[in-house]
Amino acid sequence: MIYDVAVIGAGVVGALTARELSRYDLKVALIEKRNDVAMGTTKANSAIVHAGFDAVNGTLKAKLNVRGTALMPQVCSELHVPFKGIGSLVVAFSDEELKTLDVLYERGVKNGVEGLEIISAEKLKELEPNVNPDAKGALLAPSAGIVCPYELTIAAAENAAANGTEFFRNFAVTSIDYDGEAFTVSDGKDRIKASYIVNAAGVNCDEIAALIGDDSLKVIARKGEYMLCDKTVGGLVNHVIFQCPNPMGKGVLVTPTVDGNLLLGPTAKDIEDKENIDTTADSLAYVLEKARKTAPSITTREVITSFAGLRAHLESDDFIIGRSEKNDKFINAAGIESPGLSAAPAIAEMIAGIIASDAGKEPSEGFDPVRPEPVRFRHMTNEERAKLIAENPSYGRIVCRCETITEGEILDAIKSPVGARDVDGVKRRTRAGMGRCQGGFCGSKVVELLAKELGVEINEITKFGGDSKILYDRTK
């Protein structure tokens, strides 16, 4: 089959781009090298929808951050993804850092960020009682917010699929040929033909571009390590709280998550290995030290897990979005680091606009932007729960006690249009295994349900695809 567009990379940019392309009369393929969507940078980042004051004036980062943040509430509403517009604070601890707040304020005003305000230490203390009393002031940005990046990606991919997009998982692109009319994309076994390609391959986008002879991209993998705290301290802060930025990024932040946890991090270290997402004791100690500068009462007692992610940094320190100089039907979406999540809806809008205009396509009347709302048993009233269980008893069986996730929700996650195929896929869709015990009680039941629904032996189920098997064989 020949597609109009093949989107390579099913992170938040790739999934939202596929969804945006599905607005038009276009046949779209979404290609991912791993076992699921949202398995690269998207599954391990700060989950912040930035206001847009940090990016340098006139850059794509600045333009698309502000536009993407404006679009995010509507996108999340259509896809039934939780979004909280809690605002952000950049805290200054010295007179020199107060001058940095002035720079960020002026930059934000020029970028079109509304509502920015530099507040006093007294006002900061009113807004954030648990912030370090040594703080001298802060920049308040009310338009900032938080979202779950992998939930947004899953929802976008499902909506794209409902509108005709085809999803190809475990398709690691090894070659791209062009015959003058269409590209042939291959993983060494199977082939996909498409008139246009969108390169949204994250830290690997330079390698994908090189397959058509485009050597203009040089991606540096920048690793960030995080610590996640239990919900018992999720209310320690009310805003996304940054310290003043440095040349490597926005520094270590302290923020609530949309699910009520507390997130600390990240570090920022450039590395060679684009698969290295290990955490280290030294880096996590650094995260804790810096986070305590913001909120001194943070302890390790509430930390339930740690993780690391890689972001795609370019030497130009800006997004590269547009046609490759080697082929004008090959569209790069490269260097999508922070504020990439914030900008993702606008990046998708921009790329879809280029292709639709080029191909002479108009929006389709049949496009449905709404993803049906998934069951979230933990948020229901007792009356709603009783009604649901009467209709389907599987919702009456709690599998994950920490997060109150039911068997019915797990089955929904497996059966959905872009369904879970491994334990982490179920976790990202339902939160089963994300609580205090980190899957200690529910993990075996999730494996059992996956095996049954996918029709495979239980020892074929993996944690995240590939060779990450949960069980290898019987002991006796």
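Note that this is a predicted model, so its numbers are computed, not measured.

Colleague: Looking at this structure, I do not really get the overall build of the chain. What am I missing?
Modeller: A count of helices and strands for the chain gives twelve helices and 22 strands. By the compact-globule yardstick of 23 Å for 476 residues, the chain fits well, its C-alpha radius of gyration being 22 Å. With the principal axes as the frame, the chain shows a C-alpha extent of 65 × 55 × 45 Å. By residue count, 55% of the 476 residues in the chain fall in the buried class. Across the chain, every contact between residues at least 6 apart in sequence was considered, and the portion connecting residues at least 24 apart equals 72%. Surface accessibility of the chain: about 20500 Å² in total, with carbon and sulfur atoms responsible for 48%.

Colleague: What exactly am I supposed to notice about empty space enclosed by the protein here?
Modeller: Take a probe with the size of a water molecule and roll it over the atoms, and the empty space left behind shows itself. According to the stated counting rule, one finds two cavities of 30 Å³ or more in the structure shown. Estimates place the volume of the largest cavity at around 110 Å³. Forming the boundary of the largest cavity are 15 residues, of which His50, Phe53, Asp54, Phe242 and Lys250 lie nearest the centre. Broken down by secondary-structure element, the contributors of at least two residues to the lining of the largest cavity are strand S5 (88-92) and strand S14 (240-243). Among the residues forming the lining of the largest cavity, the class breakdown is eight nonpolar, five polar and two charged. Along the walls of the second largest cavity sit Val399, Cys400, Arg401, Cys402, Cys437, Phe441 and Cys442, which together make up its complete lining. Classifying every residue of the lining of the second largest cavity gives six nonpolar, no polar and one charged.

Colleague: So what exactly am I meant to see when it comes to the nonpolar core here?
Modeller: Note on soluble globular proteins: their nonpolar side chains tend to be buried together. Leu152, Ile347 and Ile355 are the most contacted members of the largest nonpolar core, which totals 71 residues. When residues of this core are assigned to their parent elements, the largest contribution, ten residues, is made by helix H8 (residues 340-359). Contact partners of isoleucine 355, with chain neighbours within four places excluded, come to Val5, Leu21, Leu26, Tyr196, Val198 and Ile331. Of all hydrophobic cores here, the second largest spans 27 residues; its members include Ala29, Ile271, Ala312 and Leu314.

Colleague: How do you make sense of the environment of alanine 141 when you look at a structure like this?
Modeller: Along the polypeptide, alanine 141 turns up in strand S7 (residues 137-141). It is 19 Å that separates the C-alpha atoms of alanine 141 and glutamine 74, two residues lying 67 residues apart in sequence. The contacts of alanine 141, once residues within four sequence positions are left out, are Ala51, Phe53, Gly87, Ser88 and Leu116.

Colleague: Hey, could you run me through the state of the cysteines in this one?
Modeller: Every disulfide links exactly two cysteines, by a covalent bond between their sulfur atoms. In the structure shown here, the tally under the stated rule is zero disulfides. For the unlinked cysteine cysteine 76, the closest cysteine sulfur is that of cysteine 148, found at 9.9 Å. Residue cysteine 442 stays outside any disulfide, its sulfur separated by 4.1 Å from that of cysteine 400, the closest cysteine. Overall, the relative accessible area of 3% leaves cysteine 442 in the buried class.

Colleague: Sorry, what's going on with the sheet that holds strand S3 (residues 48-49) here?
Modeller: By definition, the strands of a sheet pair up through backbone hydrogen bonds, in either a parallel or an antiparallel sense. Within the open sheet, the three strands sit side by side as S3-S8-S4. Their pairing is antiparallel. The open sheet has two edge strands with one neighbour each: S3 and strand S4 (83-84). Across two bridges, the pairing between S4 and strand S8 (residues 145-147) is antiparallel. Looking at S8, one finds that lysine 84 is bridged to isoleucine 146.

Colleague: What should I look at first to understand the pattern of salt bridges in this one?
Modeller: It is possible for side chains of opposite charge to pair when their charged atoms get near one another. By the definition in use, this model includes 31 salt bridges. Glutamate 275 is paired through a salt bridge with arginine 34; the nearest N and O atoms lie 3.9 Å apart. Within this pair, whereas glutamate 275 is found in the loop between strand S17 (269-271) and helix H7 (281-294), its partner arginine 34 is found in the loop between strand S2 (28-31) and S3, the two being separated by 241 residues in sequence. Taking the relative accessible area as the measure of exposure, glutamate 275 reaches 48% and is therefore partly exposed. Taking the shortest distance from any N to any O, the salt bridge between arginine 67 and glutamate 349 comes out at 2.7 Å. Taken together, the residues span a long stretch of sequence, with arginine 67 in helix H2 (residues 60-79) and glutamate 349 in helix H8 at a distance of 282 residues. Three or more residues are tied together by salt bridges with common partners; here these are Lys231, Asp259, Arg378, Glu403 and Arg431.

Colleague: Where do I start with the side chain of glutamate 409 in this structure?
Modeller: Along the chain, the position of glutamate 409 falls in helix H10 (residues 407-415). Of the buried charged residues, glutamate 409 lacks a salt bridge, with arginine 378 as the closest side chain of opposite charge at 4.1 Å.

Colleague: How should I be thinking about the packing of aromatic side chains in this particular structure?
Modeller: The geometry of an aromatic ring pair comes down to the distance between the two centres and the angle between the two planes. As enumerated under the stated definition, the model contains five aromatic pairs in all. Here phenylalanine 168 and phenylalanine 171 contribute two aromatic rings whose centre-to-centre distance is 6.4 Å and whose plane-to-plane angle is 75 degrees, an arrangement assigned as edge-to-face. For phenylalanine 171, a relative accessible area of 5% puts it in the buried group. Plain terms: the ring middles of tyrosine 226 and phenylalanine 307 are 5.0 Å apart, the flat faces sit at 15 degrees to each other, and that makes the pair stacked. Of this pair, tyrosine 226 sits in strand S13 (residues 219-229) while phenylalanine 307 is found in strand S18 (residues 303-314), placing the two residues 81 residues apart along the sequence. Among the aromatic side chains, those forming a connected cluster through ring pairs are Tyr3, Phe168 and Phe171. A cation over a ring is seen here: arginine 401 above phenylalanine 441, with NZ or CZ 4.4 Å from the ring centre.

Colleague: Would you explain helix H5 (residues 149-162) in this entry?
Modeller: The periodicity of an α-helix, 3.6 residues per turn, causes residues three or four places apart in sequence to face the same way. Between its first and last C-alpha, H5 extends 20 Å over 14 residues, near the 20 Å set by a 1.5 Å rise per residue. Taking burial as the measure, the 14 residues of H5 include twelve buried ones, the bulk of the element. For H5, every residue scored as buried is listed here: Pro149, Tyr150, Glu151, Leu152, Thr153, Ile154, Ala155, Ala156, Ala157, Glu158, Asn159 and Ala160. Taken together, the buried residues of H5 touch helix H1 (12-21), S2, H2, S8, H8 and helix H11 (423-430). Phi for glycine 164, located one or two positions after H5, is positive at around 110 degrees.

Colleague: Even after reading the chapter, I still don't get unusual backbone geometry, so can you show me in this structure?
Modeller: Trans is the prevailing form of peptide bonds, just as negative phi is the prevailing case for residues other than glycine. Going from glycine 265 to proline 266, the amide bond is cis rather than trans, its omega being 0 degrees. Position of proline 266 relative to the elements: it lies in the loop between strand S16 (262-265) and S17. Here the residue pair serine 338 and proline 339 is connected by a cis peptide bond, since its omega of 10 degrees sits within 30 degrees of zero. Locating proline 339 in the fold gives a position in the loop between strand S20 (330-334) and H8. Despite not being glycine, histidine 80 shows a phi value in the positive range, around 55 degrees.

Parameters and conventions
- Per-chain numbering applies: the sequence of each chain, read as written, is numbered from 1 onward.
- In keeping with the predicted nature of the model, local features appear solely for residues at pLDDT of at least 70, side-chain atom pairs appear and are counted solely at 80 or more, and the whole-chain, interface and lining totals rest on all residues.
- Calculated side-chain values reflect all of the structure's heavy atoms, with hydrogen atoms and water omitted.
- Where helices and strands are cited, they refer to DSSP runs of H or I of at least four residues and of E of at least two residues respectively, numbered from the N terminus.
- All radius of gyration figures rest on C-alpha atoms, and the globule criterion is 2.2 Å times the number of residues raised to 0.38.
- Exposure categories follow from relative accessible area, calculated using a 1.4 Å probe and restricted to protein chains: below 20% of the type maximum is buried, above 50% is exposed, and the middle band is partly exposed.
- Contact between two residues is taken to exist if any of their heavy atoms lie within 4.5 Å; hydrogens are not considered.
- Accessible surface is estimated by sampling points in the Shrake-Rupley manner with a 1.4 Å probe; for residues, cover comes only from the protein chains shown.
- The method works on a 1 Å grid over the protein atoms by themselves. A cavity is a set of points holding a 1.4 Å probe that cannot get out, a pocket is an open set with protein on both sides within 12 Å along at least five of seven lines, and residues with an atom within 4 Å of a point line them.
- Grid points are joined across faces, edges and corners, and a volume is the space filled by probe spheres set on the points.
- Each residue is assigned to one class: nonpolar for Ala, Val, Leu, Ile, Met, Phe, Trp, Tyr, Cys and Pro, charged for Asp, Glu, Lys and Arg, and polar for all the others, Gly among them.
- Here the nonpolar core consists of buried residues drawn from Ala, Val, Leu, Ile, Met, Phe, Trp, Tyr and Cys, with membership extended through side-chain atoms lying within 4.5 Å.
- Criterion for a disulfide: a pair of cysteine sulfur atoms within 2.5 Å.
- Should DSSP find at least two bridges between two strands, the strands are regarded as paired.
- Every case where a carboxyl oxygen of Asp or Glu lies within 4 Å of a side-chain nitrogen of Lys or Arg is listed as a salt bridge.
- Neither His nor the chain ends is counted toward charge; the positive residues are Lys and Arg and the negative residues Asp and Glu.
- Any Phe, Tyr or Trp ring, taking Trp's six-membered ring, that has another such ring centre within 6.5 Å forms a pair; planes under 30 degrees apart are called stacked, those over 60 apart edge-to-face, and the others tilted.
- Lysine and arginine charges are scored as sitting over a ring when NZ or CZ, respectively, is within 6 Å of the ring centre and within 35 degrees of the ring normal.
- The span expected for a helix works out to 1.5 Å for each residue beyond the first.

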